[in-house]
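# Coordinates in review
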Amino acid sequence: MKVDLTFKRGEFQLAAQVELNGGVTGICGPSGVGKSTFLALLAGLLRPNTGTLNFSGVDLIDTQRDIFVPAWKRHFGLVFQNGMLFPHLSVRDNLLYGFNRLNPNERHLDLKTVTALLEIEPLLQRRPDQLSGGERQRVALGRALLYSPRLLLLDEPLSSLDDRLKQQILPFLKRVKEETRIPMIYVTHAQAEVDYLADRVLKMEDGRLGE
Amino acid sequence: MLTPEEIQALYLSAKVALWATALCLPAGIALSWVMARYEFRGKLLLDVLIQLPMVLPPVVPGYLLLLLLGTQGPVGAWLLAQFGIVIAFTWKGAVLASAVMAFPLMVQPVRLAFRMIDPRLEQAATTLGATPWRAFFTITIPLALPGIIAGSVLCFSRSLGEFGATMAFVGNIPGETRTLPLAIYSYTHVPGGESPAMRLVYLSVALAMVALFASHIISRRAERQLGYASDRSLR
């Protein structure tokens, strides 16, 4: 994936020029430097001011040619900081929200595999408000995985959890990395998390992305 | 027991209130959504215009509707010439008058319900392949349902009680525009009308109470089903 984007909102400016390959890319930096904005640009939730985004040879963004592929056509998964599970749906229906919209030939993982991988089978009938913080994040991860994304974006998925829960979930993320082989971009302010998971680590400071 | 005239007034009131609610519902949802999610020039003015019927004397919107949609009015004359449609002094006009007066009561709770929904839930849906429309109908609308129900019941109840605007726009024609409040008013102005007027008063109070109880019960049930009772993160 080739990224060359700029984004400006008020005083805040972001500039990212980077080439990302498979595996897990960690993006580390303190709060407020633009890490989540960068992921939102990749996911198609924000429009950049200028630049290009090319994934697997296909232009998803090219501001000069007025190309912008919206989020629902990019087929990228995004795991939000606090899961963002749909509160009116059961865990099962949350998990299947994206999966049900896929053609059968686009489904690379099934419900059984993902629930076993993340150990969330006993939670299927529950509501999101009946889950602990760690369970919510595992369900959110499962929901994104079942959508069989071409790229998985993780936006500080552990930041709302205490250290004990973080230690419980990190091995699940490692299992996902090793067993699904889906390329991931993992954003965090915790260096230890990227050291544990990432194959390559980028730093973000004051809206600039670099090695 | 109710007389045929009283039953006619009751039936007409229910018909007018249902149509007015049906008219307000899509417009109320669309406008509430825009007001809850977007900032734009003229938003304050639009807000004031939406709320205006609540604070104006009801006769004023009714009279303005008559000027606009009466057969001599610019829109009314055009509707008559182009489509042969007459709105003033018909039950359709009563629907329009009720809808105008009840619209602010529909918008308030629906707008509040939309504002309580975290927009990132819709974003999460779009990252799972849902188009914005699909996200709206599968995530936003179900989550706003308690507010939509509350707004609909308030709109229906207000329409049942609409008097001033209806009187000014469509008059008090038995069988066509004489709804419950107009029937009560008429009975209080004829000798011996106290007894039927009182029956209709009881009926109006009972209908309003049933509507409000139903609103509370349905909203609470919807909130429980949506997991709002214990999950306060969306509030």
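Residues numbered from 1 in each chain as written. Chains lettered and ligands numbered in written order. Predicted model: local features only at pLDDT ≥ 70, side-chain atom pairs only at ≥ 80, totals over all residues. Heavy atoms only, no water.

A word on the overall build of chain A. Assigned secondary structure in chain A consists of 7 helices and 11 strands. For chain A, the C-alpha radius of gyration of 17 Å lies close to 17 Å, the compact-globule estimate for 211 residues. Structurally, chain A occupies a C-alpha span of about 50 × 40 × 30 Å along its principal axes. Among the 211 residues that make up chain A, the fraction classed as buried is 57%. For chain A, restricting intrachain contacts to residue pairs at least 6 apart in sequence, the fraction spanning at least 24 positions comes to 69%. With the model as given, the accessible surface of chain A reaches about 9,500 Å², and the carbon-plus-sulfur share is 45%. Side chains of chain A give 27 positive and 25 negative charges; the mean places of these two sets differ by 4 Å. (Helix = DSSP H or I, 4+ residues; strand = E, 2+ residues; numbered from the N terminus. Rg over C-alpha atoms; globule rule 2.2 N^0.38 Å. Buried < 20%, exposed > 50% of the residue type's maximum accessible area, 1.4 Å probe, protein only. Contact = heavy atoms within 4.5 Å. Areas by Shrake-Rupley, 256 points an atom, 1.4 Å probe, with all protein chains shown as cover. Lys, Arg positive; Asp, Glu negative; His and termini not counted. Charge placed at Lys NZ, Arg CZ, Asp CG, Glu CD.)

The next subject is the pairing of strand 2 (residues 12–19) of chain A. All names here are of chain A. With 8 bridges joining them, strand 1 (residues 2–9) and strand 2 adopt antiparallel strand pairing. Residue Asp-4 lies in a different strand from strand 2, and its bridge partner there is Gln-17. Here strand 1 folds back onto strand 2 in antiparallel fashion, the turn holding 2 residues, of which Gly-10 has a positive phi close to 65 degrees. (Pairing = 2+ DSSP bridges.)

Those residues carrying the UniProt feature "domain: ABC transporter" (unreviewed entry) are residues 1–211 of chain A in this numbering. Counting secondary structure, residues 1–211 of chain A comes out at 33% helix and 27% strand; the distance between its end C-alpha atoms is 16 Å. (UniProt positions renumbered as here; feature names shortened; annotations may be inferred.)

In many analyses, interface size is given as the accessible surface area lost on bringing the parts together. Contacts between the two partners involve 21 residues from chain A and, on the opposite side, 25 residues from chain B. Approximately 2,100 Å² of surface area, both sides summed, lies buried where chain A meets chain B, with 66% of it carried by carbon and sulfur atoms. The three residues of chain A that bury the most area against chain B are Trp72(A), His88(A) and Tyr97(A), which together make up 29% of that side's buried surface. Put simply, chain A and chain B have 4 residue pairs in polar contact (both at pLDDT 80 or more) between them. Sorting the residues of the side of chain A that touches chain B by element identifies helix 2 (71–74), strand 7 (76–79), helix 3 (91–99) and helix 5 (133–146) of chain A as the ones contributing at least two each. Per element, the largest residue contribution to the side of chain A that touches chain B is 3 residues, and it comes from strand 7 of chain A. Here the side of chain A that touches chain B is built from residues that sort into 13 nonpolar, 4 polar and 4 charged. (Buried area = accessible area lost by both parts, 1.4 Å probe. Polar contact = N/O pair within 3.5 Å; in protein donor to acceptor, adjacent residues only side chain to side chain. Nonpolar A, V, L, I, M, F, W, Y, C, P; charged D, E, K, R; others polar.)

This brings us to the packing of aromatic side chains. Residue and element names in this part refer to chain B. Under the defined criterion, the tally for this structure stands at 11 aromatic pairs over all chains. For the ring pair Trp-133 and Phe-137, a centre distance of 5.9 Å and an interplane angle of 15 degrees mean the geometry is stacked. Placement of both Trp-133 and Phe-137 in helix 7 (residues 132–160) is noted, with a separation of 4 residues, approximately one turn of the helix. A single burial state applies to Trp-133 and to Phe-137, both of which are exposed. Each residue in the set Trp-33, Phe-114, Trp-133, Phe-136 and Phe-137 is aromatic and connected to the rest through ring pairs, giving one cluster. The ring of Trp-91 carries the charged tip of Lys-15 above its face, separated from the ring centre by 4.0 Å. (Phe/Tyr/Trp six-rings, centres within 6.5 Å; stacked < 30°, edge-to-face > 60°. Lys NZ or Arg CZ within 6 Å of the ring centre and 35° of its normal.)

Here we take up the side chain of Ser98(B). All names here are of chain B. Tracing the chain through its elements places Ser-98 in helix 5 (residues 91–116). When its relative accessible area of 2% is taken as the criterion, Ser-98 is described as buried. Every residue in contact with Ser-98, bar those within four places of it in the chain, is listed here: Val-16, Ala-20, Ser-159, Glu-162 and Thr-166.

As a further point, take the packing of helix 6 (residues 119–126) of chain B against helix 7 of chain B. Residue and element names in this part refer to chain B. Contact pair helix 6 / helix 7: the axes reach a minimum separation of 9 Å and the direction vectors enclose 140 degrees. By the angle between their axes, helix 6 is oblique relative to helix 7. Of the two possible hands of crossing, helix 6 and helix 7 adopt the one that is right-handed. Of helix 7, the residues touching helix 6 (which contributes Leu-121, Glu-122, Ala-125 and Thr-126) are Pro-132, Ala-135, Ile-139, Thr-140 and Leu-143. Tallied by class, the residues present in the contact of helix 6 with helix 7 amount to 6 nonpolar, 2 polar and 1 charged. (Axes fitted to C-alpha atoms, helices over the stretch in contact; angles between N-to-C directions. Parallel < 35°, antiparallel > 145°, perpendicular 65-115°, else oblique. Left-handed = near helix turned anticlockwise from the far one by under 90°.)

Here we come to the layout of surface pockets. The calculated volume of the largest pocket comes to roughly 670 Å³. At the level of secondary structure, the elements contributing two or more residues to the lining of the largest pocket comprise helix 2 of chain A together with helix 1 (4–37), helix 6 and helix 7 of chain B. Among the elements that take part in the lining of the largest pocket, helix 7 of chain B stands out by supplying 5 residues, more than any other. Each residue belonging to the lining of the largest pocket can be placed in one class, and the counts come to 14 nonpolar, 4 polar and 3 charged. What lines the second largest pocket is a set of 15 residues, and nearest its centre among them are Pro53(B), Pro61(B), Leu64(B), Leu65(B) and Val100(B). Among the secondary structure elements, those contributing two or more residues to the lining of the second largest pocket are helix 2 (43–55), helix 3 (59–69) and helix 5 of chain B. The biggest single contributor to the lining of the second largest pocket is helix 3 of chain B, with 5 residues. For the lining of the second largest pocket, the residue count by class is 15 nonpolar, no polar and no charged. (1 Å grid on protein atoms, 1.4 Å probe; cavity = no way out; pocket = protein on both sides within 12 Å on 5 of 7 lines; lining within 4 Å. Points joined across faces, edges and corners; volume = space filled by probe spheres on them.)

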